[in-house]
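What the coordinates show
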Amino acid sequence: QPVEAEAFLLGLLLLRRGEWAQARRLLEDGFQLATRIHSQLEAESMSRVLGELYLELGEHSRAEDYLTSLEPNKTFDIIFMQNLIQFLPKNLILETLLPTSKQHLKPGGLIALRTFWREPDPPFSESCRSLYTLKDLEKQFKGWKILLERQFDYQGKDFKGLTRRFFIADIITQKISL
């Protein structure tokens, strides 16, 4: 299958929160994973789905800790952040997570973000700490090529199985090669 074959050729860093089946497939294909764990329930879910792969995360269970601990020459072809940045303080995203991600991306590499532009309805018990519209995200990638951007809402289940309306902003950007 072409996607699986390509998996061995790309260095992908998946920074996400939520369901772990996708993460397990990527880890089994040799990708690297860093994530931020928000609750004991989420840690148990992650451990149950990832099994022994979960142990490989070691002391870096938070995305920002993993990124800032990387060797300066460690680079990725793709960095994918899903269901993450809306739960972190905006200054951490703008001053640490995004700049560090950009530093560890190869020329021509991609950063893909999926986040919230508005609180879900009904809201989570823990409110989102930072919301981002497409305009907010575009500002972070001046001089980059925007490959995809969309803002939409849909009704679906959260990681606890509760139905909510989600308000999503997606952006995929490419680092311009020099």
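This text goes with the structure placed above it.
In this report, the structure presented in the accompanying data block is examined. Remember, it's a predicted structure, so these values are computed and weren't measured experimentally.

Cut-offs used in this document
Residues numbered from 1 in each chain as written. Predicted model: local features only at pLDDT ≥ 70, side-chain atom pairs only at ≥ 80, totals over all residues. Heavy atoms only, no water. Phe/Tyr/Trp six-rings, centres within 6.5 Å; stacked < 30°, edge-to-face > 60°. Helix = DSSP H or I, 4+ residues; strand = E, 2+ residues; numbered from the N terminus. Buried < 20%, exposed > 50% of the residue type's maximum accessible area, 1.4 Å probe, protein only. Salt bridge = Lys/Arg side-chain N within 4 Å of Asp/Glu carboxyl O.

We now examine the packing of aromatic side chains. What the rule picks out here adds up to nine aromatic pairs. For the ring pair Phe 87 and Phe 116, a centre distance of 6.1 Å and an interplane angle of 70° mean the geometry is edge-to-face. With Phe 87 in the loop between strand S3 (76-82) and helix H6 (90-103) and Phe 116 in strand S4 (residues 105-121), this residue pair connects regions lying 29 residues apart in the sequence. Note on Phe 116: relative accessible area 3%, which makes it buried.

Before going further, it helps to examine the pattern of salt bridges. One pass over the structure, following the stated rule, counts five salt bridges. Residues Lys 106 and Asp 77 are paired through a salt bridge, measuring 3.7 Å at the closest nitrogen-oxygen approach. Here Asp 77 lies in strand S3 and Lys 106 lies in strand S4, a separation of 29 residues in the sequence. The class of Lys 106 is partly exposed, set by a relative accessible area of 32%. A relative accessible area of 19% means that Asp 77 is categorised as buried. For Asp 153, the salt bridge identified is with Arg 165, shortest N-O distance 2.8 Å. Taken together, the residues span a long stretch of sequence, with Asp 153 in strand S5 (residues 145-157) and Arg 165 in strand S6 (residues 163-174) at a distance of 12 residues. Residue Asp 153 is classed as partly exposed on the basis of its relative accessible area, which comes to 39%.

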